[in-house]
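Examination of the molecular architecture
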Amino acid sequence: MDEAEEKEKNLEKIKAEVLNCKKCSLHKDRIYPVIGEGSHRAKIIFCGEGPGAQEDRTGRPFCGAAGKILDELLVSVGIKREDVYICNILKCRPPQNRDPNQEEIEACTSYLERQIKIIKPKVICPLGRYSMQFLMEKFGLKDETQPIGKIHGKVFEVKNLFGSVKIIPLYHPAVVTYNSNMKEILKKDFQILKNLR
Ligand code: URA
Ligand code: SF4
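Below: a short report on this structure. In this convention, every chain numbers its residues from 1, walking through the sequence in written order. To label them, take the chains in the order written and letter them from A, then take the ligands in the order written and number them from 1. Residue-level local features of this predicted model are given only where pLDDT is at least 70; pairs of side-chain atoms are given and counted only at 80 or more, and the full residue set underlies all totals for whole chains, interfaces and linings. Only heavy atoms go into the side-chain values, all of them from the structure, while hydrogens and water stay out.

1. Things to note about the overall build of the protein
Quick note on the threshold: We count a stretch as a helix when DSSP gives it H or I for four or more residues in a row; a strand needs E for two or more, and each element gets its number in order from the N terminus. For the radius of gyration, the atom set is restricted to C-alpha positions; the globular benchmark scales as 2.2 Å times the number of residues to the power 0.38. Computed with a 1.4 Å probe, the accessible areas rest on the Shrake-Rupley method; for each residue, only the protein chains presented here act as cover. His is not counted here, nor are the chain ends, while Lys and Arg score as positive and Asp and Glu score as negative. By convention, charge coordinates are those of NZ in Lys, CZ in Arg, CG in Asp, or CD in Glu.
Helix and strand counts for the protein stand at 8 helices and 6 strands. Scanning the protein from its N terminus toward the C terminus, one meets helices and strands in the order α-β-β-α-α-β-α-β-α-α-β-β-α-α. The C-alpha atoms of the protein give a radius of gyration of 16 Å, which matches the 16 Å a tight globule of 197 residues would have. With the C-alpha coordinates aligned to their principal axes, the bounding extent of the protein is approximately 40 × 40 × 35 Å. Working note: accessible area of the protein is about 10,300 Å², and carbon and sulfur atoms make up 48% of it. Within the protein, the 27 negative side-chain charges are centred at a point lying 2 Å from the centre of the 34 positive side-chain charges.

Written out as C-alpha cells, the structure reads:
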C-alpha cells in the first residue's frame, strides 16, 4: 500500500467510527456528524469549533454563513478550498450552536488528533478560541496561549517527530457576521498563508 492509500484507509476508518460515535451526548440531536473534508495531502488544516445548522444537515464543514466567509478569505489569498483540509474540534452540532463544553472536547478530539497525524500538515490554523486553546495545549504551547485578540495571526512553530508545524490562531470567520469590520483583520491575517501553502 502506498502512502496515499494508507492515508485514505486511515481517514476512512475515522469516518466509520465517527458515523457511529456515541461518546458524548451530542450524538443524540445530530443529523449528520461533520468529519472533515479536503485534500489528504493538505499543507494547511483549518480547524473550526463545531458544525452549525447547515453543516449538520449536509455533513460538510463550513458550508453555511461562516463557510461563505472562509471561502472568501481563501480566495483572497489564492488558496483553493480543495487543496486544504477543513474540520472541527467537535464532529457533532452543539444544540443552538452553543459553545463546546470540556466533556465534549475531551470525548471528541482524539478524532482530530488522528486526522492531524495522518495528514501531517505544515500549518494548522485553529479558527476561534476553543480550537486555539485545544490545539495550542496539544502542541505544547499552553504557556504561550493568550486571548485570541492578542495572538490572532501570530505564527507559533513547533518541532515534532515529522518535522515542524506552524500553529497560526485565527479569529473564527463567523465573527464577521456580527462585526463586518473583522473581515479586514481576518484578510490581513490570511496573508501569512500565501507563502506557506
Ligand atoms: N462553524 C464552525 O466552527 N465549523 C463549521 O463547520 C461551521 C461553522
Ligand atoms: Fe462522538 Fe464527537 Fe459526536 Fe460526541 S461530538 S458523539 S464524541 S463524534
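2. Comments concerning the site of ligand 1
Which entries qualify depends on this criterion: Near, as used in this document, describes a residue that has one of its heavy atoms within 4 Å of the molecule or strand being considered. As used in this structure description, the phrase polar contact means that two N or O atoms lie within 3.5 Å; if the pair is within protein, one of them must be able to donate a hydrogen and the other to accept it, and residues adjacent in sequence are counted only when both atoms belong to side chains. Three categories are distinguished: nonpolar for Ala, Val, Leu, Ile, Met, Phe, Trp, Tyr, Cys and Pro, charged for Asp, Glu, Lys and Arg, and polar for the others, with Gly belonging to the last.
By nearness alone, every residue bordering ligand 1 is listed as Gly48, Glu49, Gly50, Glu55, Pro61, Phe62, Asn88 and His172. Contacts to ligand 1 include Gly50, whose backbone N or O atom sits 3.0 Å from a nitrogen atom. Phe62 places a main-chain nitrogen or oxygen 3.0 Å from an oxygen atom of ligand 1. Look at ligand 1: alone it shows 240 Å² of surface, and the protein chains cover 92% of it. Among the residues forming the shell around ligand 1, the class breakdown is 2 nonpolar, 4 polar and 2 charged.

3. Some thoughts on the pattern of salt bridges
Threshold: Counted as salt bridges are all cases of a side-chain nitrogen of Lys or Arg within 4 Å of a carboxyl oxygen of Asp or Glu. Type-normalised accessible area, obtained with a 1.4 Å probe on protein chains alone, sets the label of each residue: buried when under 20%, exposed when over 50%, and partly exposed for intermediate values.
Following the criterion strictly, the structure yields 12 salt bridges and no others. One salt bridge connects Lys183 with Glu72, and the closest N-O pair in it is separated by 2.9 Å. In this pair, Lys183 is assigned in helix 8 (residues 182-190) and Glu72 in helix 3 (residues 65-76), connecting sequence segments 111 residues apart. Take Lys183: its relative accessible area is 23%, and that puts it in the partly exposed class.

4. Observations concerning the side chain of Ser39
Going by this rule: Two residues form a contact once any of their heavy atoms are found within 4.5 Å.
Tracing the chain through its elements places Ser39 in the loop between strand 1 (37-38) and strand 2 (44-48). A polar side-chain atom of Ser39 sits 2.9 Å from the main-chain amide nitrogen of Arg41. Every residue in contact with Ser39, bar those within four places of it in the chain, is listed here: Glu82, Asp83, Val84, Tyr85 and Ile119.

5. Re helix 4 (residues 102-119)
Heads up, the condition is: Given a helix with a known number of residues, its expected span is that number minus one, times 1.5 Å. The angle between axes fitted to the seven residues ending at a residue and the seven residues starting there is what we call the bend at that residue.
When the terminal C-alpha atoms of helix 4 are compared, their 25 Å separation across 18 residues agrees well with the 26 Å that a helix rising 1.5 Å per residue should span. By the largest-angle criterion, Cys108 marks the main kink of helix 4, which is about 40°. Every buried residue belonging to helix 4 is among Glu104, Ile105, Ala107, Cys108, Thr109, Tyr111, Leu112, Gln115, Ile116, Ile118 and Ile119, and all of these are buried. Of the residues that open helix 4, the one with a side-chain oxygen 3.1 Å from the backbone nitrogen of Glu103 is Asn101. Just beyond helix 4, the residue with positive phi is Lys120, at close to 50°.

6. Observations concerning the nonpolar core
Soluble, globular proteins show a tendency: their nonpolar side chains are buried together. In plain terms, the rule: Residue types Ala, Val, Leu, Ile, Met, Phe, Trp, Tyr and Cys, when buried and joined through side-chain atoms within 4.5 Å, form a set referred to as a nonpolar core.
Core analysis: the largest hydrophobic core is formed by 62 residues, its most contacted members being Phe46, Phe190 and Leu193. Of the residues forming this core, the biggest block, 8 residues, is contributed by helix 4.

7. A short note on the site of ligand 2
Around ligand 2, the structure places Val18, Cys21, Lys23, Cys24, His27, Arg30, Lys91, Cys92, Ala107, Cys108 and Tyr111. The residue inventory of the shell around ligand 2, partitioned by class, reads 7 nonpolar, 1 polar and 3 charged.

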